[in-house]
Amino acid sequence: NAQGPGHVVTHVCKDDAEHVAKHLADLSFRVTLKINADRIAMLQAVDQLREEVMEGDCLVVYFSGHARRVGGVDYLVPANCPADALDEESKYEGVAVRLREQ
């Protein structure tokens, strides 16, 4: 996500994601590319991935964007996330996408 907290724009994130997607496609990976996804779009992409992945598949998930670690938990920050929404640890759960060890 190139559009981070407080609408900070980092074009390198978009460029990185597009380049990685192209190279993975060149290696015959099926690629789903999301650019500047908000929280709902990020969660929908994860749900879609869960439905489509099959046992034995080789899976690559690449995220280029803003992230934060709070209280030992990693969060991916969606596009257009208000900067003040990330000021307190308690707000992360409803705003960012939490990564969990599986």
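Refer to the structure above for everything that follows.
Let me begin by describing the structure that accompanies this report. (Residues numbered from 1 in each chain as written. Predicted model: local features only at pLDDT ≥ 70, side-chain atom pairs only at ≥ 80, totals over all residues. Heavy atoms only, no water.)

## Structural notes on the overall build of the protein
Turning to step 1, where the next piece is worked out: Check the secondary structure of the protein and you find three helices and three strands.
Turning to step 2, where the next piece is worked out: When the helices and strands of the protein are read in sequence order from the N terminus, they spell out α-α-β-β-α-β.
Turning to step 3, where the next piece is worked out: Out of the 102 residues belonging to the protein, those deemed buried represent 24%.
Turning to step 4, where the next piece is worked out: Intrachain contacts of the protein at a sequence separation of at least 6 include 54% that bridge at least 24 residues.
Turning to step 5, where the next piece is worked out: Entry remark: accessible area of the protein is about 7,200 Å², with carbon and sulfur atoms responsible for 50%. (Helix = DSSP H or I, 4+ residues; strand = E, 2+ residues; numbered from the N terminus. Buried < 20%, exposed > 50% of the residue type's maximum accessible area, 1.4 Å probe, protein only. Contact = heavy atoms within 4.5 Å. Areas by Shrake-Rupley, 256 points an atom, 1.4 Å probe, with all protein chains shown as cover.)

## What to know about the pattern of salt bridges
Oppositely charged side chains can form a pair if their charged atoms are brought close together.
Turning to step 1, where the next piece is worked out: Within this structure, the stated rule accounts for five salt bridges.
Turning to step 2, where the next piece is worked out: A salt bridge links Asp-74 to Arg-69, with the nearest nitrogen and oxygen atoms 2.8 Å apart.
Turning to step 3, where the next piece is worked out: Residue classification places Asp-74 among the partly exposed positions, given a relative accessible area of 28%. (Salt bridge = Lys/Arg side-chain N within 4 Å of Asp/Glu carboxyl O.)

## A word on the sheet that holds strand β2 (residues 73-76)
Turning to step 1, where the next piece is worked out: Here we have three strands laid out as an open sheet, ordered β1-β2-β3, and antiparallel in their pairing. Where the open sheet ends on each side, the last strands, each with one partner, are β1 (67-70) and β3 (97-98).
Turning to step 2, where the next piece is worked out: Both β1 and β2 contribute to a ladder of four bridges, which runs antiparallel. Considered in β2, the bridge of Ala-67 is made with Leu-76. (Pairing = 2+ DSSP bridges.)

## Structural notes on a nonpolar patch on the surface
Turning to step 1, where the next piece is worked out: Together, Leu-49, Val-53, Leu-59 and Val-61 make up an exposed nonpolar region whose accessible area comes to about 330 Å².
Turning to step 2, where the next piece is worked out: Within the element layout of this structure, Val-61 appears in the loop between α2 (39-52) and β1. (Patch = residues over 30% accessible without salt bridge, like charges linked within 9 Å, V, L, I, M, F, W, Y side chains within 5 Å.)

## Details of unusual backbone geometry
Turning to step 1, where the next piece is worked out: Although it is not a glycine, Ser-28 adopts a positive phi angle of roughly 75°.
Turning to step 2, where the next piece is worked out: Looking at where Ser-28 falls in the secondary structure, it is placed in the loop between α1 (11-26) and α2.
Turning to step 3, where the next piece is worked out: You will see that Asn-36, though not glycine, has its phi angle at about 55°, which is positive.
Turning to step 4, where the next piece is worked out: By relative accessible area, which is 24% here, Asn-36 ends up partly exposed.

In short, shape yes, function no, at least from these values alone.
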